[in-house]
Structures are given as C-alpha cells and as structure tokens.
Amino acid sequence: MALGPRSPRKAGSRFPAGSKRGRGAKGSGRPASGRQRQPSALPEGRSEPAVDAHPALSPEALGYFRRALTALKEAPETGEERELMVHNVLKEVEAQALALATNRTGSEMLQELLGFSPLKPLCRVLGVLRSNLRFVACHRCGVHVLESALLQLPRLLGNPVEEEDGKDPPLDTLKELVLGLASEVCGDFLFYCGDTHGSFVVRTLLQVLGGTLLESERARPRGSQSSEARRAPTRECKPAAFEVPESFLNCLQDLSSCFLKDIAVFITDKISSFCFQVALQISHRKLPQFCAHLCDAVIDYLSSRSSSADGSPLLLFLRDQTSSRLLEQVLLVLEPPRLQRLFEDHFQGQLQTLAAHPIANFPLQRLLDAITTPELLSPVFEELSPALEAVLAQGHPGVVIALVGACRRVGTHQAQVLQLLLEAFHCAEPSSRQVACVPLFATVMAYEVYYGLAEEEGSVPVEHEVEMATARALGEVTVLGSLLLQHLLHFSTPGLVLQSLGALTGPQLLTLAQSPAGSHVLDAILTSPSVTRKQRRRVLKTLKGQYVALACSRHGSRVLDAIWGGATLGVRKEIAAELGERDQELIKDPFGHHVARNVALTTFLKRREAWEQQQGAVAKRRRILNSILED
C-alpha cells in the first residue's frame, strides 16, 4: 500500500487505487447504487400479472406509432400542422395506451410521445394507467411510462386551464389524478415500495408532489430505453424545482408518514430503503421540520436496538450495506445542532474504527461532508487526523478527501491537515521533498513509490533530486487526487501547493491539463480566490510552448479557453502568436478549430490592428463587469 518502506506493509507497494473505489465501484465492497440500477426482475415469490389478460399491440399499430413519432420529430416545432398531427397521434395513443405501455418497443415510443402531449391527452393517458395501477407500476415496461407521465407535470402544471363541454378543467383533473394515484399508493405502501419496479413509481411520485426533481433520479437512464439511448452520456444537473399546489405538499407529508408505520422494513429492506432516502431529500427541501421528525424516528429506532459490544447500537447499522445508505442520507439532511448531538452520542470515539471498515467508511464520509461548524470539526479532526496514513493504506482515501474538504469549508485546521498529508505521503522531511507534493497527491502515491526508490525501513530519507523529478513523466492523475488538490488550492494559504505546481515542467503541466481529472486542478488555479494573479501567472507561464498541444486536446482545449477568458491583452497576444505558428494544424483538429475560432486566430494573422482593438474592447468590458460585481 503506498506507504513505502517505512510502513509496516511491504516496501515498494502503493496506496490502493482510491480513484477506482467508491459506491458501486469494482472492489469497493458495496453494490452499485439502486438509484442507478434498473429493475430487471420481480422479487422472488412475486409474479408479474399475465399480459395476456390485457390488450396486445398489433404489428400494424406498432408500425403506425413508429412512423408517427418519426414524423413528429421531423415536423416544425410550432404551427397548426404540428398541432393537428399531435392531436391525431395522441388520439390513437389514448385508445391503446395500456397495450403500448406494456410492450417493450411501444413503451419506448410512448415515453417519447408523452413529451409532445398537451394537458388533456396526458390526463386521459394517465387515467388509463391509473385504472390499471397495480399492473402497470409492477410491469418492467409500464413502470417507465408511468414515470414519464408523472414527469410531465413540471411542463404542464403552469399551462392555462380551459373549460371544455362542461367538463372539469384539465388542470384540476391532472391534480386529482396525481393525488388519487398517491392515495392508491399510500393504501398499499409496503407493496409498492418493496416491489422492484413499483419503487420507481413511489420515488417519482415523491419528487412530483414535492416539486423537486433530484439529480440522481433525473440522470438515471430508463431501463426500457434503447441501447443507444442508454449509452448516451448524461449531463450533470442540479435538482430542478417547480411550483406545486399546497395540496401536493400536504399529500407529500401524508405519503412520507407511511414510512413511520413500518420503519424497520424501510431501514433494512434494500428496495424499500431507496424510497425512504428520496423522501428524506425531498422533505429536507420542502418540509424541513417533518424531515427532522423522520430523521429522529430513524435514529431513535436504531438506537433502541441491542447494544453493540464496542459502543452505540447505531454502529452495527453503519456496517450494514442497506441501513448504512439510509444513514448516509440522514447525515446529509440533519441540521447542525442535531448533527452535533448525533456525533456526541454515537460517533465520538469510534471514527478510526469506522474509517477502517469497508462499509462504515462511507457514512463517515457523509458525516464529514455535512460538517459546517468549527465546534463539530474540532473534535472530529482531533480524533481522525492521527490515522490519515493508516486510512490511506487501508484503501479508503475518500475519508481523507472528505476531511480535507471539511477543513476547506469550515476554514479551520488547514495548516495542520496539510502537514499531516505531507507526512502521510512521506514528503514532509527532508523539506526538499515538499516541492514534489503535487505529483504525489495527484496520483495518490507515497514519495518512494512514485519515484521508485528502494529505501529500507528505518533508513534516513534521501533528499529530493530535481533532475530525477523533471525527468519523470507525470503519473496518472486519479479522481480523488484531483479532488484533494482542488480542496488544497482553495485553502486560505495555498502557497506550498502552488510552489509545487510551479516546479512542474511544461510537459508535466500539459499532462495534468490534458487529464480528465487533472484538468479540474487547472480550473481551481484559475477560480480560487486564494490564488493571487501573480501566483496564477507564475504557474501558467510554464505552459508557454505547449499551447498547440493543449488546444488539440479534449480537456486541454477547455483549460486553454478558461485561461484565455481571464488573460490580459499581453498574454492573449503571446497565446495567439504561438497558435498562429501552426494555424493549419489547429484548424484541422476537431478541438483545435474551436480554440482558433475563440481566439479569432484568422483575424490575428491577417488584421492584427483590428484584432487588438477587438480584444481591448473585450478586456474593457470585463474590467467594468468585475468592478460592478466587486461593488
């Protein structure tokens, strides 16, 4: 493990690959998160209702809907022709909604068609699905159609309500349908939450009632989508909030109260627990007092179980794969006073034991993520900090990253944790080694391992050799190593890290900027308020001579764009001049030609004076904007 020869572990080993460890990662000791795993089969002993009892979809109908969907995608986004087409297609959908929803191909098309649906047709389709709720919600294809129908609410709740033929306004009908759906789910809550497919409906319903679509649920690919759709990358997004009527929030509280009736099941059952986790996230945003009540109920129940031999009974559940996930969510939504009390009653004195456990280290990371006060960070740091090197050797670098992140967030113990990191990576003494800390942190390797030194245990550490450091190519930057450096660059005094970055050669810094994980370290240099303009220039000047290679890289081109955005006119001239020497190579490259356009390289080469006037105007606007923001 990456302690080198002075560790009791075998010399020449390295820290376990922390960047590949995590929830659901290979070798993490935890299964993939259920929020991202798709339902594939019903639980043992529970059979799916027979499809034969419901109308089947004919090949002709399937072909019609396929052609109709293609036509809708190709039609103009507005206009009478499109409205008529949507009306006619959805009229056919209403007649065969159940058959479409329970057909693998048909369900995929219906999900897309619902995205085009106005309010009234959606209500009619949702009405058909609700009348067969138990069958649809527990069907491997139907569940995704029901989810898609519910997820149209953010788009349609704001639509104007129109009366038609004396019927109830469509919007009222939509509210009634959703509330009726919630009532039915509430009536058989344990069944729906415990069903592999039905739990997805409960989680979506909780989000819709709370007017909040969670990032983890929105990014989750639908199980019945085509393979191409599943392979498409999902973009990161924050929870999306939308306005909901008061009756929805009341219903959310009623539905969430059902968790308290059988709390033991929702804490220990893998499928049901996911529903409880979503309820905590939504209620934390919309019903904070009720969320605190739910958290208290979980903690009180777990604390009342049989005592652990080494402390609170809660510790037993922190080591369990299912209940630990729920406790992670509890830790993230607890208010600071309750979090302080929870730490004092159950965690204090056990942090090093939890950090070493293959499962319990994850709830510990969430505890560290939730710390926002010096009063809580101080006892946590005092207890956990002596074991940083051991935690790294055990293959749990996420705990160390979370502790460093807490120091960054709270603003205390920053110098102490940096010194402990230097010691853990064996670059504190002799002091000449400290300049090598960035490559070690980025790769999560101890000094001897990174440079391939064969030091014996107990021997005096050798001085750092600059020639050896400059001759070695930068190792593979890990995700956790990148996160560690980003936190350190946002410390109040990041001088040591900046000094180490400045000691990198041009090719080494280029490798960092071109790395998917390492490129974010350059972002931190450019955005950290602790890094002065002078310090930033000193680090970035090393990239001079590497701009073309940077521009022709997927991640490096993004870094170069960021550098360009904050550069002075003089620095922009230097960058443009270097790029202009190989402009044809740049223009032909798939990433480089975007940089050339952003830099206005053609104008720079052919009309230098006009380019300078243009860039001067841009710089002036940026200065004015910055002065306004500072005021």
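Residues numbered from 1 in each chain as written. Predicted model: local features only at pLDDT ≥ 70, side-chain atom pairs only at ≥ 80, totals over all residues. Heavy atoms only, no water.

Caption draft 1: How the structure looks around helix α36 (residues 554-565). End to end, α36 covers 17 Å across twelve residues, agreeing with the expected 16 Å (1.5 Å per residue, within 8%). Every buried residue belonging to α36 is among Gly556, Ser557, Val559, Leu560, Ile563 and Trp564, and all of these are buried. Around the axis of α36, the buried residues are gathered within 160 degrees of arc, so they sit on the same side. (Helix = DSSP H or I, 4+ residues; strand = E, 2+ residues; numbered from the N terminus. Expected span 1.5 Å × (residues − 1). Buried < 20%, exposed > 50% of the residue type's maximum accessible area, 1.4 Å probe, protein only. Arc of directions from axis to C-beta.)

Caption draft 2: The layout of surface pockets, seen in detail. If you add up the space inside the second largest pocket, you get close to 780 Å³. Forming the walls of the second largest pocket are 21 residues, and the residues nearest its centre are Arg533, Arg536, Gly566, Ala567 and Thr568. Among the elements of the structure, α34 (533-540), α36, α37 (569-580) and α41 (608-630) are those that each provide at least two residues to the lining of the second largest pocket. A per-element tally of the lining of the second largest pocket places α41 first, with five residues. (1 Å grid on protein atoms, 1.4 Å probe; cavity = no way out; pocket = protein on both sides within 12 Å on 5 of 7 lines; lining within 4 Å. Points joined across faces, edges and corners; volume = space filled by probe spheres on them.)

Caption draft 3: Spatial organisation of the environment of Leu100. Within the element layout of this structure, Leu100 appears in helix α3 (residues 97-101). Note: C-alpha distance between Leu100 and Ser58 (42 residues apart in sequence) is 9.8 Å. If sequence neighbours within four positions are ignored, Leu100 has contacts with Leu57, Phe65, Val93, Gly106, Ser107 and Leu110. (Contact = heavy atoms within 4.5 Å.)

Caption draft 4: The arrangement of the side chain of Gln281 in detail. Among the secondary structure elements, Gln281 is positioned in helix α16 (residues 270-286). Judged by its relative accessible area of 12%, Gln281 is buried. Leaving out residues up to four positions away in the same chain, Gln281 has contacts with Leu214 and Gln329.

Caption draft 5: A look at the environment of Gln329. In this fold, Gln329 is placed in helix α19 (residues 321-333). Given the relative accessible area of 9%, Gln329 is considered buried. Once the C-alpha coordinates of Gln329 and Pro363 are considered, the two residues, 34 residues apart in sequence, prove to be 8.6 Å apart. Contacts of Gln329, omitting those with residues within four sequence positions, involve Gln277, Leu280 and Gln281.

Caption draft 6: Representation of the nonpolar core within the structure. Formed by 195 residues in total, the largest nonpolar core has its most connected members in Phe347, Phe441, Leu501 and Leu579. If you tally residues by element for this core, the top one is helix α25 (residues 397-410), at nine residues. Ignoring anything within four residues of it in the chain, the contact list for Leu579 reads Tyr547, Val548, Ala551, Leu586, Val595, Val599 and Leu601. (Core = buried A, V, L, I, M, F, W, Y, C linked by side-chain atoms within 4.5 Å.)

Caption draft 7: Expanded view of the environment of Leu90. In this fold, Leu90 is placed in helix α2 (residues 80-95). As a C-alpha pair, Leu90 and Leu110 span 20 residues in sequence and 9.5 Å in three-dimensional space. Leave out the neighbours within four places in its chain, and Leu90 touches Leu113, Ser117, Pro118 and Pro121.

Caption draft 8: Geometry of the packing of aromatic side chains. Enumeration over the complete set of coordinates arrives at twelve aromatic pairs. Geometrically, the ring pair formed by Tyr64 and Phe65 is edge-to-face, given 5.2 Å between the ring centres and 70 degrees between the ring planes. Residue Tyr64 is classed as partly exposed on the basis of its relative accessible area, which comes to 30%. Judged by centre distance (5.0 Å) and plane angle (75 degrees), the ring pair of Phe425 and Phe441 falls under edge-to-face. Pair noted here: Phe425 is in the loop between α26 (414-424) and α27 (437-443) and Phe441 is in helix α27, with a separation of 16 residues, a long-range link. As far as burial versus exposure is concerned, Phe425 and Phe441 are alike and both buried. Among the aromatic side chains, those forming a connected cluster through ring pairs are Phe189, Phe259, Phe266 and Phe276. It is Arg134 that lies over the ring of Phe191; its NZ or CZ is 3.7 Å from the centre. Between the NZ or CZ atom of Arg305 and the centre of the ring of Tyr301, over which it lies, the distance is 4.2 Å. (Phe/Tyr/Trp six-rings, centres within 6.5 Å; stacked < 30°, edge-to-face > 60°. Lys NZ or Arg CZ within 6 Å of the ring centre and 35° of its normal.)

Caption draft 9: Examining the pattern of salt bridges more closely. In total, this model carries eleven salt bridges according to the counting rule given. The partner of Glu112 in a salt bridge is Lys73, and the shortest N-O contact between them spans 2.9 Å. One end of the pair, Glu112, is in helix α4 (residues 104-114); the other, Lys73, is in helix α1 (residues 59-74), with 39 residues separating them in the sequence. The partly exposed category is assigned to Glu112, whose relative accessible area is 36%. Overall, Lys73 belongs to the partly exposed group, its relative accessible area being 49%. Residue Glu328 is joined to Arg366 by a salt bridge in which the shortest nitrogen-to-oxygen separation is 3.4 Å. Note that Glu328 is positioned in helix α19 and Arg366 in helix α22 (residues 361-370), a separation of 38 residues in sequence. Comparing Glu328 with Arg366, the two get one shared label, buried. Shared partners join several salt bridges into a network, and the residues in it are Glu328, Arg366 and Asp369. (Salt bridge = Lys/Arg side-chain N within 4 Å of Asp/Glu carboxyl O.)

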